[in-house]
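# Structural description and commentary
What follows is each chain in one-letter form.
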Protein chains: 2
Amino acid sequence: MHRGKTARLWALLLGIAALGSAAATPRDALIQEYCRLLALPNVGTDKAHVRENAEFIAGMMRARGIDATLLEGDTADTNPVVYGEANVPGATRTVVFYAHYDGQPVNPARWAAGLEPFTPTLITAPVEQGGTIVGPCLGTAITSPTWRIAARGAADDKAGVMTILNAYAALREAGRRPRVNLHFFFEGEEEQGSVHLAEILAKHRARLGSDLWVVVDGPRPAPGYKVVEFGVRGDINVGLVVFGAKRPLHSGNYGNWAPNPALRLATLLAGMKDGADHVTIPGFYDDVVPLSDSERAALEKVPDPGAQLALELGIAHPDGGGRPFAELLTLPTLNINGIRSGDVGAAASNQIPTRAEAVLDLRLAKGNTAAGQVQKLVRYIESQGYHVLDRDPTDAERRRYERLIRVDVGAGYDAQRTSMDLPIARAVVTAVQTTTPEPVVKVVSVGGSLPLIVFERVLGANVVTVPVVNYDNNQHAENENVRIDFLWDAIDTIAAVMSIR
Amino acid sequence: MHRGKTARLWALLLGIAALGSAAATPRDALIQEYCRLLALPNVGTDKAHVRENAEFIAGMMRARGIDATLLEGDTADTNPVVYGEANVPGATRTVVFYAHYDGQPVNPARWAAGLEPFTPTLITAPVEQGGTIVGPCLGTAITSPTWRIAARGAADDKAGVMTILNAYAALREAGRRPRVNLHFFFEGEEEQGSVHLAEILAKHRARLGSDLWVVVDGPRPAPGYKVVEFGVRGDINVGLVVFGAKRPLHSGNYGNWAPNPALRLATLLAGMKDGADHVTIPGFYDDVVPLSDSERAALEKVPDPGAQLALELGIAHPDGGGRPFAELLTLPTLNINGIRSGDVGAAASNQIPTRAEAVLDLRLAKGNTAAGQVQKLVRYIESQGYHVLDRDPTDAERRRYERLIRVDVGAGYDAQRTSMDLPIARAVVTAVQTTTPEPVVKVVSVGGSLPLIVFERVLGANVVTVPVVNYDNNQHAENENVRIDFLWDAIDTIAAVMSIR
């Protein structure tokens, strides 16, 4: 499909029902509908609101002629998958388009003045770069394609739902008939580690056969070229709590005598990496599967964004010992998401805190297992003299063990990588290439995580990812946003992929 | 003065005016007067109420035959010192008795049901240990000497004012004539860091000459023996902020490449101490004045509370390399009051934070200076590759320096120590010894901090501290309380000190 044609496919989106009659243009109508979706809180633990999201998306699908249904798990309170099929008579191949509609937890206090996670708001640019607020998304006409919509999930990953459904609608309005069966699968628990995904896939295995899953999630690289991603890292969170005295102590009356849990936690964390930010936990990298020849060749063609990112992010000297950015993403990580003990700022007092907490995020490379990485971490902690608990200590344990730590292991999953030689995956690359004059880059593995391994393990499925949103989207953090022209371009890109044979 | 006599000195307190005719006994009359003082809010920032306290105390002094006056500072809104003199014809020496009448800020919501900071209330025992409420202090007769009065300032340090003035009244009623001039100095800004104390001392220097200051503040040790304290540590706070990327980054998309400020701060803090919790910052202990022979001898006689405290606080192995508790309090400290980066718990997200903060509390030993300890810390930080700022970095600085840290230095003051060989200080110990059969313990330095160095610097004064209240008084916290029999005993103790030659 030629770029000149697809670039205006959105203009054909006139007939979609329920898009709001107040909208001035078809583009505005789509944005108004999208912002109604973004206004629904989507933190995965907020079960009632999550279900409102699912019902809204099912409505969007029905408005586009897709027979939508909610796939439930067996476990109570599982957030439903919104599922639909658009089958083509005579088609022999099936492609499933995946996105997730749940979002990361929010801390509204961290959002910039005038922005709220679930009040979609138009901004001229990222607020961190001096962007200003245009006004509420709902009811405001878009006059610049580079404006952004700020809201939790605007980029990650309601954008996937929005662009997949509108790509299909665009093809349909244009009278272009797909050659493969198109199925739609929108998950509601991705940001919670997809805890019930395997259960849902297994339960509904009969209708989930496919030749390829196309995941629409994650940002395009900063320089703007398009990519098809063949792998993701796995991920698991680990919470740590180091304990001090049973009650907070006056730092003068007890200083030099009472152990400080903040210092102990700092020491424990500091010992996990060397000066070059290489993880020193024994065996941490040992089970990583080496790159294949085609993967290594692909890596060499990835433009290195390091210098540009460093400039933009204010980083004088990145971690990684000078290795290319893309290569670093094929290795496991150990990241401190957060650390807290006592108080800082105006609330600080001269005390020795009772506990110190950290949350770690372990990204996994192909070959690592989530359980294995956690085991290496726990063994390291034990080697530092800690007695490990999965709860707060008893008085007897406090008396017995000099160093006590609580380790809370989250739900996690392993990395996944699809072969770069798979024909249908190569067809996706070719399709995306029709929408851009620049070479499409094949990515061995992105740094982020999706539970794609579950599709491989439960369904034997092949998976590739086509990311569509702007890279500077504050994904997972405050002031998350999506740039509107990226949404339009995404609709073109996905429509091209939907047109493969 | 023999214990048998002084123990009933309070019984002679019959003639003091303005004590309330409703009181059933002289003891009750003193408690009624004290509770009227405790009912006056005394948070230092509450200027109007603080002045009511000062006027009330001046009235107490006049009722006891002391010519009271308020010493004002030069700075507007300085809380006044309540000052008075009881001079003895022919006396050649002068002792100033110090207490402070202001209290720590209050959070009424934290106080137990039925207790309010400025409604003095009788309780049978600490509410945390199952104590129950007897009733309002005002109007209730005391039938048990181990009851407590719960109110802000009840222990810290209106108890100092109450017991100093009643000790003087008791001597007077008993017809015992002091041999030294007795002066009274009650400060109103101690809990705010005594910000104008040096100013007031300098302004009124002419009348503040003395041979010794006796500070009546702080709790007696838990085991109940009596102490005379010869020193305090100094104190200064330092805030640290380590910077990462300019915006929060997805821990997967940037993990292994973007530096994590929480890890960097952890590494920096961990490097400040060795495995034995000894500070490794070069020179940290170098300027500490070694203990004198008499100080070392005194240290050896201090009962060690470590084993009991460790049991009570749930500490299996205290810091300090096995050195006695009291000796550890003569050394400088480096304590982490609080540390924070990103989020933990339910708010945690998989991100690389933009900054990591810590607040440190440096206690100072004799010989250290606040500026000097901070300088050692800053030099250590610089030796770890950090460029030190006193504000957030500019973009140019972020591009130039690999490691950036903001260091915010608070107001601080140095330690103070009075020689144990000073004859008048030894006379205080001897006097206190007359009120107890157990050996009085001479404390080289307490772990906490008071700006006693100001008396030494501005007036060239000698200072000792005679603490009188129960240790379990919830000082600085909710449900602050004083045990009534400790007040009676304190009156005896101070009357004995007032009787030195």
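Residues numbered from 1 in each chain as written. Chains lettered and ligands numbered in written order. Predicted model: local features only at pLDDT ≥ 70, side-chain atom pairs only at ≥ 80, totals over all residues.

## Topic: the overall build of chain A
Regarding its fold elements, chain A presents 14 helices and 21 strands. Against the compact-globule benchmark of 23 Å for 501 residues, chain A has a radius of gyration of 24 Å, which places it among compact chains. Dimensions of chain A, computed from C-alpha atoms along their principal axes, come out at roughly 80 × 50 × 50 Å. Counting all 501 residues of chain A, 54% fall into the buried class. Taking the intrachain contacts of chain A between residues at least 6 apart in sequence as the baseline, contacts between residues at least 24 apart amount to 78%. (Helix = DSSP H or I, 4+ residues; strand = E, 2+ residues; numbered from the N terminus. Rg over C-alpha atoms; globule rule 2.2 N^0.38 Å. Buried ≥ 20, exposed ≤ 12 C-beta atoms within 10 Å, placed from the backbone. Contact = placed C-beta atoms within 7 Å.)

## Looking at the sheet that holds strand β21 (residues 481–483) of chain A
Residue and element names in this part refer to chain A. Pairing is antiparallel across the open sheet formed by four strands, whose spatial order is β5-β4-β6-β21. For this open sheet the edge positions go to β5 (133–136) and β21, each flanked by a neighbour on one side alone. This sheet shows a mean twist of 25 degrees between the axes of neighbouring strands, independent of strand direction. Here three bridges tie strand β4 (residues 121–123) to β5, and the two strands are oriented antiparallel to one another. Counterpart to T121 in the pairing with β5 is P136. (Pairing = 2+ DSSP bridges. Axes fitted to C-alpha atoms, helices over the stretch in contact; angles between N-to-C directions.)

## Focus: the domain arrangement of chain A
All names here are of chain A. When the domains of chain A are assigned, the result is domain 1 (3–233 + 415–497) and domain 2 (234–288 + 331–409). The gap between the C-alpha centroids of domain 1 and domain 2 is 36 Å. Domain 1 puts seven residues into the contact, and the matching count from domain 2 is seven residues. When grouped by side-chain class, the residues that make up the side of domain 1 that touches domain 2 number two nonpolar, three polar and two charged. (Domains from an automatic or database assignment. Nonpolar A, V, L, I, M, F, W, Y, C, P; charged D, E, K, R; others polar.)

## Regarding the sheet that holds strand β6 (residues 148–150) of chain B
All names here are of chain B. What the four strands build is an open sheet, ordered β5-β4-β6-β21; its pairing is antiparallel. Looking along the sheet, the strands with just one partner apiece sit at the ends: β5 (133–136) and β21 (481–483). Ignoring strand direction, the axes of neighbouring strands in this sheet form an average angle of 25 degrees. Docked against the sheet, helix α14 (residues 484–498) engages β6 and β21, running at close to 65 degrees with respect to β21.

## A few points about the nonpolar core
Formed by 298 residues in total, the largest nonpolar core has its most connected members in A:V214 and B:V214. Among the elements that take part in this core, α14(B) stands out by supplying eleven residues, more than any other. When sequence neighbours within four positions are dropped, the list of residues in contact with A:V214 reads A:V95, A:F97, A:Y98, A:V428, A:V464, A:V466 and A:V497. (Core = buried A, V, L, I, M, F, W, Y, C linked by C-beta atoms within 7 Å.)

## Topic: the interface of chain B and chain A
Each side of the interface is counted separately: chain B has 70 residues, and chain A has 75 residues. Of all the elements, strand β12 (residues 335–342) of chain B adds the most residues to the side of chain B that touches chain A, at eight residues. Residues of the side of chain B that touches chain A, tallied by class, amount to 30 nonpolar, 24 polar and 16 charged.

## A few points about the packing of helix α4 (residues 158–173) of chain B against α14(B)
Residues and elements named next belong to chain B. In the contact formed by α4 and α14, the axes pass within 8 Å of each other and the chain directions differ by 60 degrees. Regarding the angle of α4 to α14, the classification is oblique. Read as a crossing pair, α4 and α14 show a hand that is right-handed. Residues A159, M162, T163, I164, N166, A167, Y168, A170 and L171 of α4 lie in contact with α14, whose contacting residues are L487, A490, I491, I494, A495 and M498. Tallied by class, the residues present in the contact of α4 with α14 amount to 13 nonpolar, two polar and no charged. (Parallel < 35°, antiparallel > 145°, perpendicular 65-115°, else oblique. Left-handed = near helix turned anticlockwise from the far one by under 90°.)

## Details of the pairing of strand β10 (residues 231–243) of chain B
On any regular strand, side chains alternate: one points to one face of the sheet, the next to the other face. Residue and element names in this part refer to chain B. Of all 13 residues that make up β10, twelve are buried, and the element is covered over most of its length. As judged from the two bridges shared by β10 and strand β17 (residues 416–417), these two strands associate in the antiparallel manner. Bridge pairing links G231 to R417 in β17. Of the pairings in the sheet, the one linking β10 to strand β19 (residues 446–449) comprises two bridges and is parallel in character. If you follow V232 over to β19, its bridge partner there is V446. Summarising the sheet, β10 and strand β14 (residues 355–364) pair through ten bridges and their orientation is antiparallel. The partner of V238 across the bridge, within β14, is L360. Of the pairings in the sheet, the one linking β10 to strand β16 (residues 403–409) comprises five bridges and is antiparallel in character.

## A few points about the confidence of the model for chain A
Per-residue confidence for chain A gives a mean pLDDT of 92, with 95% of residues at or over 70. Every residue in residues 1–23 of chain A is under pLDDT 50, and counting partners more than four places away or in other chains gives 52 contacts. (pLDDT = per-residue confidence, 0-100.)

## Some words on helix α12 (residues 423–433) of chain A
All names here are of chain A. All buried positions along α12 are accounted for by A425, V428, V429, A431 and V432. Take α12 and look down its axis: the buried residues cluster within an arc of 160 degrees, on one side only. Close packing links the buried residues of α12 with β8 (212–215), β9 (227–229), β19 (441–443), β20 (463–465) and α14 (484–497). (Arc of directions from axis to C-beta.)

## Quick notes on the packing of helix α12 (residues 423–433) of chain B against α14(B)
Residue and element names in this part refer to chain B. As a packed pair, α12 and α14 sit with axes 8 Å apart at the nearest point and diverge in direction by 135 degrees. Classified by the interaxial angle, the pair formed by α12 and α14 is oblique. The handedness of the crossing between α12 and α14 is right-handed. Of the residues in α14, those touching α12 at V428, A431 and V432 are T493, A496 and V497. Along the lines of polarity and charge, the residues of the contact of α12 with α14 split into five nonpolar, one polar and no charged.

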